[in-house]
Each structure stands twice: as C-alpha cells, then as structure tokens.
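Given next are the chains, with one letter for each unit.
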Amino acid sequence: MSSWYFCSNEIVNSPSRSDGIEITAECRYRREGARFIMDVGNRMNLRYETVATGIVFYHRFYMMHSFKTINRLIGAAACLYLAGKAEETPKKCRDLVKAVRTILSERQMEAFGDDPKEEIISHERLLLQTIKFDLCVQHPYKYIVKFAKNLKDDRAQIEKVVQMAWNFVNDSLSTTLCLQWKPQVVAVSLLHLAAKLSKYNLSAAPDGPHYDHSKSWWQHFLPEINSDVLEDICLQMLDFYDKTDVGASNYNMISPPKITMKVPQSIPYRTL
Amino acid sequence: MKKLRRRLSATLLGLNNDGSATGSAFGTNTTFRPKLFPFRRYSSMYESETVRQKINAAKETIENSGNSKQISNQRRHSAAIESPSIPFGTEDAYEKLEPLGEGSYATVYKGYSIGHQKLVALKEITLNEEEGTPFTAIREASLLKQLKHANIVVLHDIIQTPTKLTFVFEYVTTDLSQYLNLHPGGLNMKNVKLFLYQLLRGLSYCHQRRILHRDIKPQNILVSEIGEIKLADFGLARAKSVPSKTYSPDVVTLWYRPPDVLLGSTNYSTSLDIWGVGCIFTEMVSGIATFPGVRNISDQLDKIWHKLGTPTEETWPGVTSYPEYCAAETMFYESRTIAEVIPRLMKDPGAADLATKMLQYQPFKRIFCQAAMNHQYFTDIPEGIIKLPPTVSIFCNGLVKLAPEENEFEGDSLTSVIS
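Not measured: the values here are computed from a predicted model.

Can you walk me through the packing of helix α10 (residues 155-172) of chain A against helix α12 (residues 183-197) of chain A in this structure?
The description of two helices packed together rests on the angle between their axes and the distance between the axes. All names here are of chain A. Packing of α10 against α12 brings their axes to within 8 Å, and their N-to-C directions diverge by 125 degrees. Classified by the interaxial angle, the pair formed by α10 and α12 is oblique. When the axes of α10 and α12 are compared, the crossing they make is right-handed. Here Val 161, Val 162, Met 164, Ala 165, Phe 168, Val 169 and Ser 172 of α10 lie close against α12, whose contacting residues are Leu 190, Leu 191, Leu 193, Ala 194, Ala 195 and Leu 197. Within the contact of α10 with α12, the residues separate by chemical class into 12 nonpolar, one polar and no charged.

For this particular structure, what's the right way to read unusual backbone geometry?
Peptide bonds are, in most cases, trans, and in most cases residues other than glycine have a negative phi. Residues and elements named next belong to chain B. Even without glycine at this site, Gln 117 takes up a positive phi of about 55 degrees. Counting through the fold element by element, Gln 117 comes out in the loop between β2 (107-113) and β3 (118-126). Judged by its relative accessible area of 60%, Gln 117 is exposed. The phi angle at Arg 214 is positive, at roughly 70 degrees, despite the residue not being glycine. Among the structural elements, Arg 214 can be located in the loop between α5 (189-208) and β7 (221-223).

Help me out: how do you make sense of helix α9 (residues 140-149) of chain A in this one?
The periodicity of an α-helix, 3.6 residues per turn, causes residues three or four places apart in sequence to face the same way. Residue and element names in this part refer to chain A. Here α9 lies mainly inside the structure; seven of its 10 residues are buried. Within the span of α9, buried status applies to Pro 140, Tyr 141, Tyr 143, Ile 144, Val 145, Phe 147 and Ala 148. Check the buried side of α9 and you find it contacts α4 (48-61), α10 and α12.

Which parts of the structure should I look at to understand the domain arrangement of chain B?
How big an interface is tends to be expressed through the accessible area that disappears when the partners come together. All names here are of chain B. Once the domains are mapped, chain B shows domain 1 (88-171) and domain 2 (174-239 + 251-387). Relative to domain 2, the C-alpha centre of domain 1 lies at a distance of 28 Å. Opposite the 18 residues of domain 1 that make contact, domain 2 presents 18 residues. When domain 1 packs against domain 2, the two sides together hide about 1,600 Å² of surface, and 57% of this comes from carbon and sulfur. One can count two salt bridges joining domain 1 with domain 2. Lys 230 is the partner of Glu 170 in a salt bridge, and the nearest nitrogen-oxygen pair spans 3.4 Å.

Help me out: how do you make sense of the UniProt feature "binding site: ATP" (unreviewed entry) in chain B in this one?
Residue and element names in this part refer to chain B. The feature "binding site: ATP" (unreviewed entry), as given by UniProt, occupies Lys 123 in the numbering adopted here. Looking at where Lys 123 falls in the secondary structure, it is placed in strand β3. Among residues more than four places away in sequence, those in contact with Lys 123 are Tyr 105, Ala 106, Thr 107, Val 108, Glu 140, Leu 165, Thr 166, Phe 167, Phe 169 and Asp 233. Polar side-chain contacts of Lys 123 include one of 2.9 Å to the side chain of Glu 140.

Looking at this structure, how should I read the sheet that holds β3 of chain B?
Strand pairing in a sheet takes place through backbone hydrogen bonds and is either antiparallel or parallel in direction. All names here are of chain B. Spatially, the five strands line up as an open sheet ordered β1-β2-β3-β5-β4, and their pairing is antiparallel. Edge positions in the open sheet fall to β1 (94-102) and β4 (155-160), since each of these has one partner strand only. Ignoring strand direction, the axes of neighbouring strands in this sheet form an average angle of 25 degrees. As judged from the seven bridges shared by β2 and β3, these two strands associate in the antiparallel manner. Looking across to β3, one finds that Gly 111 is bridged to Val 120. Docked against the sheet, helix α3 (residues 135-146) engages β3, β4 and β5 (164-170), running at close to 30 degrees with respect to β5.

Explain the nonpolar core here, please?
With 188 residues, the main nonpolar core has Phe 57 of chain A together with Phe 167, Leu 196, Phe 281 and Met 358 of chain B as its most contacted residues. When sequence neighbours within four positions are dropped, the list of residues in contact with Met 358 of chain B reads Leu 196, Leu 200, Ile 274, Trp 275, Val 277, Gly 278, Phe 281, Arg 366, Ile 367 and Ala 372 of chain B. In terms of nonpolar packing, the next biggest core, distinct from the first, is built from six residues, Tyr 94, Tyr 109, Val 120 and Ile 159 of chain B among them.

What exactly am I supposed to notice about the pattern of salt bridges here?
Opposite charge on two side chains makes pairing possible when the charged atoms of those side chains draw close. Throughout the structure, instances matching the rule amount to 22 salt bridges over all chains. Residue Glu 130 of chain B is joined to Lys 117 of chain A by a salt bridge in which the shortest nitrogen-to-oxygen separation is 2.9 Å. Within this pair, whereas Glu 130 of chain B is found in the loop between β3 and α3, its partner Lys 117 of chain A is found in helix α8 (residues 116-130), the two belonging to separate chains. For Lys 123 of chain B, the salt bridge identified is with Asp 233 of chain B, shortest N-O distance 3.5 Å. Of the two residues, Lys 123 of chain B sits in strand β3 while Asp 233 of chain B sits in the loop between β8 (229-231) and α6 (259-262), which places them 110 residues apart along the sequence. Its relative accessible area of 10% is what places Asp 233 of chain B among the buried residues. Connected via shared salt-bridge partners are Arg 17, Glu 26 and Arg 30 of chain A.

Please explain the confidence of the model for chain B as it appears in this structure.
One rule of thumb: low pLDDT means the predicted coordinates there are not for detailed reading. Residues and elements named next belong to chain B. Averaged over chain B, the pLDDT score is 76; the fraction of residues at 70 or greater is 71%. Low pLDDT, under 50, characterises residues 239-251; the predicted model gives this stretch 28 contacts beyond four residues in sequence or across chains. Counted against residues more than four places away or in other chains, residues 411-419, with its pLDDT under 50, gives one contact. Predicted complex metrics record ipTM = 0.74 and pTM = 0.75.

Rules used throughout
- Residues numbered from 1 in each chain as written.
- Chains lettered and ligands numbered in written order.
- Predicted model: local features only at pLDDT ≥ 70, side-chain atom pairs only at ≥ 80, totals over all residues.
- Heavy atoms only, no water.
- Axes fitted to C-alpha atoms, helices over the stretch in contact; angles between N-to-C directions.
- Helix = DSSP H or I, 4+ residues; strand = E, 2+ residues; numbered from the N terminus.
- Parallel < 35°, antiparallel > 145°, perpendicular 65-115°, else oblique.
- Left-handed = near helix turned anticlockwise from the far one by under 90°.
- Contact = heavy atoms within 4.5 Å.
- Nonpolar A, V, L, I, M, F, W, Y, C, P; charged D, E, K, R; others polar.
- Buried < 20%, exposed > 50% of the residue type's maximum accessible area, 1.4 Å probe, protein only.
- Domains from an automatic or database assignment.
- Buried area = accessible area lost by both parts, 1.4 Å probe.
- Salt bridge = Lys/Arg side-chain N within 4 Å of Asp/Glu carboxyl O.
- UniProt positions renumbered as here; feature names shortened; annotations may be inferred.
- Polar contact = N/O pair within 3.5 Å; in protein donor to acceptor, adjacent residues only side chain to side chain.
- Pairing = 2+ DSSP bridges.
- Core = buried A, V, L, I, M, F, W, Y, C linked by side-chain atoms within 4.5 Å.
- pLDDT = per-residue confidence, 0-100.

Written out as structure tokens, the structure is:
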C-alpha cells in the first residue's frame with residue numbers, strides 16, 4: 001500500500017466485493033455515506049473543506065474495509081468526526097451524535113448501540129489506523145479557483161463555469177473520483193465539463209512570449225494530462241448523474257427529518 | 001458510448017422537469033460554494049438552470065468525445081505522493097525507560113527500540129474519554145509525516161492502544177533549555193551561530209510549506225550530542241489560535257510571543273515564529289531569557305517595552321488600536337537598541353543587526369527565515385553547508401563542528417549525574 005490512489009481494477013475488487021457485496025450496492029453505499037456526511041456536516045455548520053475531507057476519508061476507509069464488517073453510518077460519522085479535528089474545525093462528539101440523531105430514524109440509530117459517542121470514538125481509532133494518519137487531504141475546489149484565475153477573460157462567463165464546476169466537485173464526492181485522480185486532475189476535468197455544458201471555450205491566459213498556442217488550455221496547468229483522461233472523468237461524472245435517481249430521494253436509507261416535533265415539557269423558556 | 005450520452009440527455013431533461021431541488025446532493029444549503037463566487041442560489045448540478053443548454057452541450061460532447069478507453073497507462077498520474085511509510089508498531093516493540101518531561105499535551109519517556117536496538121523518545125498521549133484522540137495529536141502526526149528535514153525531529157512510529165496513543169520519535173540527548181542551563185552566561189558565539197542557522201533552516205522549511213510552528217521556545221528545540229538542532233512539538237502548529245491556558249492546565253509561556261499577538265492580533269503569520277527565534281537568539285547570546293514576563297500578558301508586554309522601549313503611534317502606527325492595548329497599564333520606557341540591552345551581541349559582526357531585524361515590533365517589518373539565512377551574520381557559513389539538501393545534517397561533511405563551551409555549570413555537573 002503505497003498511495004491513496006487506485007486503478008479501476010482495484011476499486012472494482014474492493015474488500016466489499018470479496019465480502020459478497022455487489023458493485024452497484026457499494027456505489028450506493030458510497031453515495032449515501034457521502035450524502036450523510038454532507039447532511040450532518042451542514043447541520044453542524046462545518047466548512048466545505050471539512051466535509052469534503054470527511055468524505056475522502058470515508059472512501060479511503062472502505063477501500064480497506066468491507067461495508068459488511070463496518071457499519072457505514074458509524075463509519076461515516078467517525079470520518080466526519082476525524083475530519084473536524086484534521087481540518088481544525090473540531091466539534092464535540094456529543095454534538096455530532098445530536099446532529100446524527102436529527103437525521104436518522106430511531107431504527108437507524110440502533111446501529112450506533114447504547115453509547116453512540118463511544119461507538120464513534122472507537123471507530124475513529126480504527127479509522128486513524130486504517131488511513132495511517134494521512135490526514136492532509138487536498139480537494140479540487142482550490143484548484144478550480146486557482147486555474148480559473150489564469151484563464152483568459154470574460155469574467156462573467158468564467159464565473160458561471162466555475163460555479164458549475166464547483167457544483168460538479170460537490171457531486172463528485174459521491175463518486176470514487178477522489179480515489180482515482182489527484183485533485184488537480186479532477187479540477188481541470190470538471191472545469192472542462194462545465195465549459196462544455198456552457199458552450200464556452202476556455203483558454204489559458206498567455207503567460208509570456210513562450211506561450212504555446214497549440215496546447216489545450218489545461219495543458220498549461222497540467223502538461224502531462226491528455227484529453228482521454230479528461231473525457232473519462234467527465235463521463236464518470238455524467239454517468240453518476242445518469243444512474244442516480246434524482247426525482248425520488250436517493251437517500252432512501254435515511255428518512256427525512258420529521259417536521260412535526262413534540263416539544264418536551266422540560267425545555268426552559270429562556271436560555272440563561 | 002452513444003447510448004450513455006443519450007441516457008444522459010434524457011436524465012438531464014427529466015431532471016429539470018421535476019425541478020429537482022430535493023434531489024440535490026447538497027440540498028439548498030449554501031455551505032458548499034466557492035468563496036470567490038459567493039452568491040448563487042443553486043449549489044448542485046441537480047439544480048441547474050438551463051436544460052436546453054445542457055442537452056445541446058451533451059450532444060456536442062458526443063461529437064467531440066475521444067477514445068476514453070486507453071487511459072489506464074495515464075491513470076494515477078504521479079500518484080507517488082503520500083506514501084504511508086510509517087509502520088504501525090506494537091507496544092512491546094519498545095521498552096519504556098524513565099520520563100523525560102511533560103509536553104504540551106503528553107508525557108515523554110525515554111525508550112528503547114528492541115527491534116532497532118536504539119534509544120527513542122516515546123510521547124504518550126492519553127486518549128480523552130469524551131473526545132477520543134486529541135486534535136493536537138492528530139495535527140502533530142499529520143504534519144510530522146510530511147516534514148522530512150534534518151532539523152525537524154523524526155517521527156518513527158505510531159502505536160495505538162484503546163487507552164493511549166504513542167508517538168515514537170528519534171531520541172535526542174537534550175534540549176536548548178537544558179543546554180542553556182548547563183552553560184550559563186551565554187553560549188560560545190560560534191555555537192550560537194550554528195544553532196541559529198539550523199533553527200532557521202528547519203523553520204524555513206516549515207514556512208515554505210505554509211506551516212507555522214507557533215510554539216517556539218527552548219524546550220521545543222532539541223540539541224543532539226554533536227550540536228544538531230531539531231525542532232519538536234508540533235502539537236500547536238498551524239492551529240487556529242495561539243496557545244493559551246485553554247489548551248492545557250499549565251500556563252503556556254509568553255516569553256517568546258510577539259507584541260502584536262500579545263496585544264490581541266490574530267492576523268499573524270510567519271512573523272510569529274520569527275519573533276520567537278529572535279528571543280532565542282538573544283537568549284543564547286546573553287544566557288538569560290530576553291523578555292521573562294512573570295504574571296500575565298500585560299506584564300509580558302511591560303518586559304518587552306522595558307527592554308526595547310514603549311511603542312507610540314509615531315514609532316508603531318496603529319499600536320493603540322489593538323484590542324488588548326491598555327494605555328493605563330502601559331508604562332513609558334525610552335527606546336533602546338538590542339545591542340544596548342545585550343552588549344555581547346557586538347562580539348560578532350552582524351549579530352546585533354540580525355537580532356534587530358527579528359525583534360521588530362511591527363510584524364510586517366520582521367525579517368523572513370530565508371532572508372535571515374542570507375544575512376551577513378552568516379557569511380562565514382561555508383558554501384558547502386548552504387548547498388546541502390534539506391534532509392542532510394550540517395555536520396555531515398566536517399566543514400563545521402560544535403565548539404567547546406566557555407562556561408560550564410558549576411557544582412554537580414548534570415553530565416556526570418547522567419553518566
């Protein structure tokens with residue numbers, strides 16, 4: 001194990017596969033886990049970097065463990081918990097449990113046992129061991145902004161493309177792209193996809209007399225990446241949208257939070 | 001491929017028809033959005049605005065699509081980063097010897113690695129029942145895994161047990177604090193230069209990686225037998241705020257903290273560490289702490305003003321606007337140069353000038369690590385040392401060596417006690 005990047009073969013033959021879990025089911029678990037981390041993270045007002053780091057931990061963790069042996073909800077909660085610490089936005093475990101409770105049904109909470117806090121903390125330990133304390137994770141977000149700054153003008157158009165690419169990055173966290181490619185590569189690919197969908201031709205701002213006009217715009221940032229790689233990443237992304245049933249909640253393991261809530265008698269009127 | 005594209009456009013079409021905000025991976029929550037482009041209602045492609053555009057574009061992509069099957073060679077382009085090379089040892093691989101001291105959040109023991117037959121330092125961190133692994137420990141481990149430098153302490157191994165976490169570090173004989181106690185009255189000026197150079201070398205490596213140490217003090221600067229300097233204790237590195245009482249029951253020393261931070265500034269950067277280096281530089285020369293505050297922040301500020309003069313709006317524009325600035329508590333002292341405070345600095349050309357540049361009140365005026373290493377004070381550092389790669393010790397090629405100290409601690413020599 002020398003790196004946190006895997007080829008498609010390794011991703012297909014994950015520990016869950018040897019445990020008899022279908023690839024489609026695994027993809028769904030990954031998607032739902034990512035989604036769960038986002039929901040909990042948003043509820044706790046965590047920054048997007050923290051949430052994204054938690055999701056990357058989650059994907060890496062389940063390259064070493066099967067979804068059968070480690071409950072994915074607990075795994076996801078532990079990932080978010082650790083990401084909070086790693087990204088210097090630590091949250092109390094108690095508050096995390098509280099946020100998880102608001103999202104999960106009582107039946108789903110059963111997975112967390114009698115002491116959910118203890119369960120998360122012990123999984124954090126397993127997670128640390130699994131990911132070998134490799135806690136510094138980079139995300140495509142900052143590269144999108146960095147590359148966009150070096151693109152030729154029409155700021156309004158570029159802004160639009162960047163916003164779209166940014167949303168692609170958000171959604172890409174539900175896929176295994178972060179296990180396959182470095183964030184820079186994902187960033188150029190999703191910028192490419194966004195530009196294509198906006199029918200806008202990106203071009204890099206000339207950076208001097210030696211500017212090579214024959215190169216594609218992204219090759220000014222990542223010279224060694226060819227269009228096949230970009231194409232593959234875009235396809236994976238489109239494929240993800242295609243497969244994901246967006247009309248219904250694709251989050252069916254988790255019931256939506258209840259709207260009507262009984263107010264317990266003991267709630268004080270004022271906070272002192 | 002075409003099938004996929006067709007399915008895609010169908011999906012995108014269907015998507016917008018049902019107005020699918022519910023399906024968004026991120027809901028309508030606005031936490032996830034670019035900082036530079038902050039105001040957009042939608043945050044996921046699920047909620048995108050113009051379908052027509054997408055369908056057309058998807059068609060266009062079909063036309064432009066290349067062959068995406070032959071990419072496995074290129075896959076994992078430069079995946080060679082992040083090699084988790086630290087093996088996970090077990091507790092019985094190490095024998096725990098006597099305690100060496102208390103870190104900011106842990107106890108450090110001398111230890112013996114049975115497998116490697118060498119001494120190590122075992123930093124034991126007790127896991128918190130409420131919050132699991134302390135986040136300072138998590139920070140330290142992840143930073144030290146990235147920092148590979150001759151002047152930064154080496155993390156060999158990490159051992160996890162249900163109740164504690166142990167970091168296995170290389171064993172370094174002493175630290176600068178003990179070394180200063182052992183040689184009172186100031187160190188040999190030659191050694192001051194070698195120590196300072198190595199300190200800057202390690203710190204410059206951190207700063208280049210945008211990592212602040214933030215807790216520079218003699219206790220955190222290890223000194224090996226041959227005089228190698230190793231930066232240690234990254235538990236507070238790059239955390240959000242400066243270390244304070246809230247992190248540990250012990251009072252964190254304020255002696256090495258710059259005036260802008262003492263005055264309540266949180267907008268600090270590498271200048272924070274440089275002030276600390278300046279304090280240590282002058283302490284090595286004089287043998288005593290330069291600004292030894294005894295009580296609190298205002299006392300610490302008083303110590304600085306007493307030595308170097310009280311800043312005014314003329315000498316430091318904006319000083320009175322700092323959150324913690326308190327005119328009533330501020331005594332007025334005449335401005336003095338560092339050479340007047342520590343005359344021994346004059347023994348070495350450039351020393352006083354470099355110290356002055358490090359101990360600037362205004363953070364933006366403080367010298368940077370790299371510039372400090374190029375300062376004329378270091379002109380007699382041989383070229384063969386300057387060119388060494390980061391992971392190599394400056395003592396590797398025999399061009400420099402530790403000079404004997406002039407002053408030895410009198411009475412019961414600590415060295416004889418140890419041996």
